[in-house]
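So the chains spell out like this:
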Amino acid sequence: MMGFLDAYSIRARLFPAILAIAPAIALATVAVTWNTFSLPQAITTVSVAVIFVGFSDIARRFGKKAEREIFRTTGGRPTITLLRRGDPQFANETKDRYRNFLAKQLGEPAPTAEMELNNPRSVDGFYERCGNWLRERTRDTAKFKILFEENKTYGFRRNLYGAKWPALALNALVVGVCLLIISRKMNVPNDPSLLQVFTVLVIAAIHAGFFFFFVGKKTALEASDQYGRQLILSCETLMAEAK
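Residues numbered from 1 in each chain as written. Predicted model: local features only at pLDDT ≥ 70, side-chain atom pairs only at ≥ 80, totals over all residues. Heavy atoms only, no water.

## Some thoughts on the packing of aromatic side chains
- Going through the model one piece at a time under the given rule, you end up with 7 aromatic pairs.
- Each ring, one from Phe 90 and one from Tyr 98, has its centre 6.1 Å from the other, and the planes form 80°; the classification is edge-to-face. Across the pair, Tyr 98 and Phe 90 agree in class, each one buried.
- Between Phe 101 and Trp 133 the ring centres are 5.9 Å apart and the planes differ by 80°, which places this aromatic pair in the edge-to-face class. Taken together, the residues Phe 101 in helix α5 (residues 92-106) and Trp 133 in helix α7 (residues 120-137) connect sequence positions 32 residues apart.
- An aromatic cluster of three or more residues is present, and its members are Phe 210, Phe 211 and Phe 214.
- Positioned above the aromatic ring of Phe 156, the side-chain terminus of Arg 11 is 5.8 Å from the ring centre. (Phe/Tyr/Trp six-rings, centres within 6.5 Å; stacked < 30°, edge-to-face > 60°. Buried < 20%, exposed > 50% of the residue type's maximum accessible area, 1.4 Å probe, protein only. Helix = DSSP H or I, 4+ residues; strand = E, 2+ residues; numbered from the N terminus. Lys NZ or Arg CZ within 6 Å of the ring centre and 35° of its normal.)

## Digging into the nonpolar core
- Core analysis: the largest hydrophobic core is formed by 27 residues, its most contacted members being Leu 83, Tyr 98, Phe 101, Leu 102, Leu 134 and Cys 235.
- Contributions of two or more residues to this core are made by α3 (39-74), α5, α7, α8 (145-162) and α11 (217-242).
- Considering every element that reaches this core, the biggest residue donor is α11, with 8 residues.
- Sequence-distant contacts of Tyr 98, that is, excluding residues within four places in its chain, are made with Leu 83, Phe 90, Ile 232, Leu 233, Cys 235, Glu 236 and Met 239.
- Ala 20, Ala 167, Leu 168 and Phe 211 belong to the second-largest nonpolar core, a separate cluster that totals 15 residues. (Core = buried A, V, L, I, M, F, W, Y, C linked by side-chain atoms within 4.5 Å. Contact = heavy atoms within 4.5 Å.)

## Side note on empty space enclosed by the protein
- For the structure shown, the criterion picks out 1 cavity of 30 Å³ or more.
- Of the volumes computed, that of the largest cavity is approximately 70 Å³.
- Every residue along the wall of the largest cavity is listed here: Phe 71, Arg 77, Pro 78, Thr 79, Arg 135, Tyr 154, Ser 224, Tyr 227, Gly 228 and Leu 231.
- Looking at the lining of the largest cavity, the elements with two or more residues in it are α4 (78-81) and α11.
- Looking at the lining of the largest cavity element by element, the count peaks at 4 residues for α11.
- By residue class, the composition of the lining of the largest cavity is 5 nonpolar, 3 polar and 2 charged. (1 Å grid on protein atoms, 1.4 Å probe; cavity = no way out; pocket = protein on both sides within 12 Å on 5 of 7 lines; lining within 4 Å. Points joined across faces, edges and corners; volume = space filled by probe spheres on them. Nonpolar A, V, L, I, M, F, W, Y, C, P; charged D, E, K, R; others polar.)

## What to know about the pattern of salt bridges
- Scanning the model with the defined rule gives 11 salt bridges in all.
- Of the charged contacts in the structure, one is a salt bridge between Arg 84 and Asp 124, with a shortest N-O distance of 2.7 Å. Of this pair, Arg 84 sits in the loop between α4 and α5 while Asp 124 sits in helix α7, placing them 40 residues apart in sequence.
- You can call Arg 84 partly exposed: its relative accessible area is 22%.
- Notably, a salt bridge pairs Glu 149 with Lys 152, separated by 3.1 Å at the nearest N-O pair. Pair noted here: Glu 149 and Lys 152 are both in helix α8, with a separation of 3 residues, about one helical turn.
- Several salt bridges converge on common partners, so that one network encompasses Glu 67, Arg 77 and Arg 158. (Salt bridge = Lys/Arg side-chain N within 4 Å of Asp/Glu carboxyl O.)

Such coordinate-based values are descriptive only and should not be taken to indicate function.
Here's what the structure looks like:
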């Protein structure tokens, strides 16, 4: 549990899970009377906590799947694409410095422009190894605080994007349950639970709008690019330490 509650897991896994199942949580709180705390309330509380943990893992798995699909369409991880000579985000002289430094750390020759042109798969393999080496050398979150923040942002957006359609499916189920409750209680005069059910419907509408309009491939890709750029820039710190 302590490992689950680290800063990365809370931001990148727990928060997407909470957002994804928000309508279901609202419905669960409405379905149980909270005037007294007894067995039903205890069961609901424990169930919601377990759902958080379970859906956090589900969001991560869906996020990893979405990540593979994103990188398949963009030509690879940003640590690969940003180091290619055709990418304009870093000056060629800067990328040459980074390539030479990383090649020295890996004990391999830095790829030339001809190699990148004639054997791109092999060169991309080198760039992927560079990214792996950098990730292992930048796990000190205090020293590489900006990188860690970008990593959390990317993990949050990736997992939220991966959970988009499961979240909307759960949303539709909650709306269906709410409409069923309303149809059965419409003939009951002054039933206070109707207002609570309508509140859940409002939450579901806001939830659906958020996922439809603000959660998508583009936002995940932007965060991925920012994280990849910051990961490559960590070469500056590592090169200074090496000197």
